[in-house]
Amino acid sequence: MPVVKVKDDHGKTMTLREVDGFYLPVIRVPYDQEKEFRDRTDWTARSDDVLICAYPKSGTHWVWEITCMLLNGNAERINLMKEMAMLECLSRSALDSMTSPRVLNTHMYYGQIPEDFKRKQCKIVYILRNPRDVAVSFFNHHTRLLDYEYSGDWQQYLPRFIEGKVDYGSWFDYVVDWEASMNRNQQNPAHVVTYEDLQKDSVNEVSRLASFLKTEGTETLYKEIAKQCNFQKMKKEKDPLEDTAEWKDDKPGMYRKGIVGDWKNWFTVAQSEVFNAVYKERLASVTLPVPYTI
Ligand code: A3P
């Protein structure tokens, strides 16, 4: 799987891994990532596996943490990094050695998920977030994580994000494709959650998720989980688990701002107009509740 330097119109490059035309992040793993990625199609699922699926920067860490607590039936912090349960970071043997119930996560397309997860009708939680906040969050991710070797500014970055010259490709393609996949797979409906609803009413969203997962719990537990998973608390307790050497200035940035609407501090009027036009054209067929207002 070659490591490529993907250039934009400004000549700025981003270092990514390419496999059959699909971009992945360059992940530091102690095994042959290409082999594992290609072999992934016949990996074995367990019927009680839960898969958290989202385009990057949509709130995957947050929902993953909540889901782990719900399945464990308590509000205790799990001593595991979300990345250690990410399908595209795992090897087959690492996945097989995880204890059940497994809360896995991925940014891959539905079609890239191993077939056994579909055969066994594993529960899928799908997260949506306003793509303008996703773009801002991904820009900070790309400029702060050293392995991307990316030095573009926001003005240069936004067209790159829109075109999908980033790991996992275009947000627009991802959301359109996931919706089409869900429509084809109505026998195993995914639970859809938005980052914005989680912010607005965390306890209600935790409770809704619990009903979907069919976990046992009380309102008191849901409140406690929402509290334990609040942004400040997660940042304080999860940041120290990060490998600081991977981050610019040794400062982990996975938990950055954790708010809705930061895009307003970044987008110029002209950038908003361009983005709105692309959004209208590309998402015309999507009926899922994307938190986006023009
Ligand atoms: P920002 O960069 O806008 O702050 P992902 O987990 O999919 O990579 O998404 C990361 C985004 O979710 C970041 O957004 C991060 O700060 C935010 N986030 C992570 N945990 C959160 C939490 N507990 N509450 C709110 N936002 C959270």
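Please read these numbers as outputs of a predicted model, since none were measured by experiment.

Parameters at a glance
- Residues numbered from 1 in each chain as written.
- Predicted model: local features only at pLDDT ≥ 70, side-chain atom pairs only at ≥ 80, totals over all residues.
- Heavy atoms only, no water.
- Helix = DSSP H or I, 4+ residues; strand = E, 2+ residues; numbered from the N terminus.
- Rg over C-alpha atoms; globule rule 2.2 N^0.38 Å.
- Buried < 20%, exposed > 50% of the residue type's maximum accessible area, 1.4 Å probe, protein only.
- Contact = heavy atoms within 4.5 Å.
- Areas by Shrake-Rupley, 256 points an atom, 1.4 Å probe, with all protein chains shown as cover.
- Near = heavy atom within 4 Å.
- Polar contact = N/O pair within 3.5 Å; in protein donor to acceptor, adjacent residues only side chain to side chain.
- Nonpolar A, V, L, I, M, F, W, Y, C, P; charged D, E, K, R; others polar.
- Axes fitted to C-alpha atoms, helices over the stretch in contact; angles between N-to-C directions.
- Parallel < 35°, antiparallel > 145°, perpendicular 65-115°, else oblique.
- Pairing = 2+ DSSP bridges.
- Expected span 1.5 Å × (residues − 1).
- Salt bridge = Lys/Arg side-chain N within 4 Å of Asp/Glu carboxyl O.
- Left-handed = near helix turned anticlockwise from the far one by under 90°.

Trainee: Describe the overall build of the chain, and please don't skip the residues or the numbers.
Mentor: Of the regular secondary structure elements, the chain holds 12 helices and seven strands. Computed over the C-alpha atoms, the radius of gyration of the chain is 18 Å, within 12% of the 19 Å expected from 2.2 N^0.38 for a compact globule of 294 residues. Within the span of the chain, comprising 294 residues, buried residues form 55% of the whole. Taking all contacts inside the chain whose residues are at least 6 apart in sequence as the whole, residues at least 24 apart take part in 70%. Total accessible area on the chain is roughly 13400 Å²; 50% of this is exposed by carbon and sulfur atoms.

Trainee: An account of the site of the ligand is needed here, citing residue identities and associated values.
Mentor: Around the ligand there are 19 residues in total, and Thr-60, His-61, Ser-137, Tyr-195 and Gly-258 lie nearest to it. In this structure, Tyr-195 approaches the ligand through a side-chain N or O atom, which is 2.7 Å from a nitrogen atom. In this structure, a nitrogen atom belonging to the ligand sits 2.8 Å away from a main-chain N or O atom of Cys-229. When the ligand is considered free in solution it has 570 Å² of accessible area, and contact with the protein chains removes 98% of it. Elements with a contribution of two residues or more to the shell around the ligand: helix H2 (60-72), helix H8 (195-200) and helix H11 (231-238). Here the shell around the ligand gets three residues from one element, more than from any other, and that element is H2. Classifying every residue of the shell around the ligand gives seven nonpolar, eight polar and four charged.

Trainee: With reference to specific residues and values, describe unusual backbone geometry.
Mentor: That bond from Ser-100 to Pro-101 is cis: its omega, 0°, falls within 30 degrees of zero. Relative to the helices and strands, Pro-101 is located in the loop between helix H3 (92-96) and strand S5 (103-106). Its identity as a non-glycine residue notwithstanding, Lys-214 has a phi of 60°, on the positive side. Looking at where Lys-214 falls in the secondary structure, it is placed in the loop between helix H9 (202-213) and helix H10 (219-228). We classify Lys-214 as exposed; its relative accessible area is 69%. A positive phi angle, close to 55°, is found at Asp-249, a residue other than glycine. The residue Asp-249 is located in the loop between H11 and helix H12 (269-282) in this model.

Trainee: How would you sum up the packing of helix H6 (residues 154-163) against H12? Please name residues and give values.
Mentor: Remark: H6 packs on H12, axes separated minimally by 12 Å, with the N-to-C direction vectors making an angle of 0°. Considering their axes alone, H6 and H12 lie roughly parallel with respect to each other. Each of Trp-154, Gln-155, Leu-158, Phe-161 and Ile-162 in H6 lies in contact with H12, whose residues at this interface are Gln-271, Val-274, Phe-275 and Val-278. Residues belonging to the contact of H6 with H12 are distributed by class as follows: seven nonpolar, two polar and no charged.

Trainee: Go over the pairing of S5, please, and point to the residues and values.
Mentor: Side chains Val-103 and Asn-105 project from S5 onto one buried face, and the interleaved Leu-104 and Thr-106 project onto a second face that is buried too. Two strands pair when backbone bridges link them, and strand S4 (residues 50-54) and S5 are joined in this way by four bridges, in the parallel orientation. Across the sheet, the residue bridging to Val-50 is Val-103, located in S5.

Trainee: Just give me the short version of the sheet that holds strand S1 (residues 3-7), but keep the residues and values in it.
Mentor: Reading across from one edge, S1-S2-S3 is the order of the three strands in this open sheet, with antiparallel pairing throughout. Either end of the sheet is taken by a strand with one partner, and the two such strands are S1 and strand S3 (22-24). Across the sheet, the mean angle separating the axes of adjacent strands is 55° when strand polarity is ignored.

Trainee: If you had to explain H2 to someone new, which residues and values would you point to?
Mentor: Its 13 residues place the ends of H2 18 Å apart at the C-alpha level, agreeing with the 18 Å of an ideal helix rising 1.5 Å per residue. All of the buried residues along H2 are Thr-60, His-61, Trp-62, Val-63, Trp-64, Glu-65, Ile-66, Thr-67, Cys-68, Met-69 and Leu-70.

Trainee: Can you lay out the pattern of salt bridges for me, pointing to particular residues and giving the numbers?
Mentor: A complete count under the given rule lists 22 salt bridges for this structure. In this structure, the salt-bridge partner of Asp-116 is Lys-120, at a minimum N-O distance of 2.7 Å. You can call Asp-116 buried: its relative accessible area is 8%. Overall, Lys-120 belongs to the partly exposed group, its relative accessible area being 34%. For Glu-224, the salt bridge identified is with Lys-227, shortest N-O distance 3.9 Å. Linking Glu-224 with Lys-227, this pair stays in helix H10, spanning three residues, or about one helical turn. Connected through salt bridges with shared partners, the residues Glu-65, Arg-77, Lys-233, Glu-237 and Lys-238 form a single ionic network.

Trainee: Would you mind going over the packing of helix H7 (residues 171-184) against H12 in detail, with residue names and values included?
Mentor: H12 packs onto H7 with a crossing angle of 25° between their chain directions and a minimal axis gap of 11 Å. The orientation of H7 relative to H12 falls into the category roughly parallel. H12 is crossed by H7, and the crossing has right-handed handedness. Contacts between H7 and H12 involve Trp-171, Phe-172, Asp-173 and Val-176 from the first element and Phe-275, Val-278, Tyr-279 and Arg-282 from the second.

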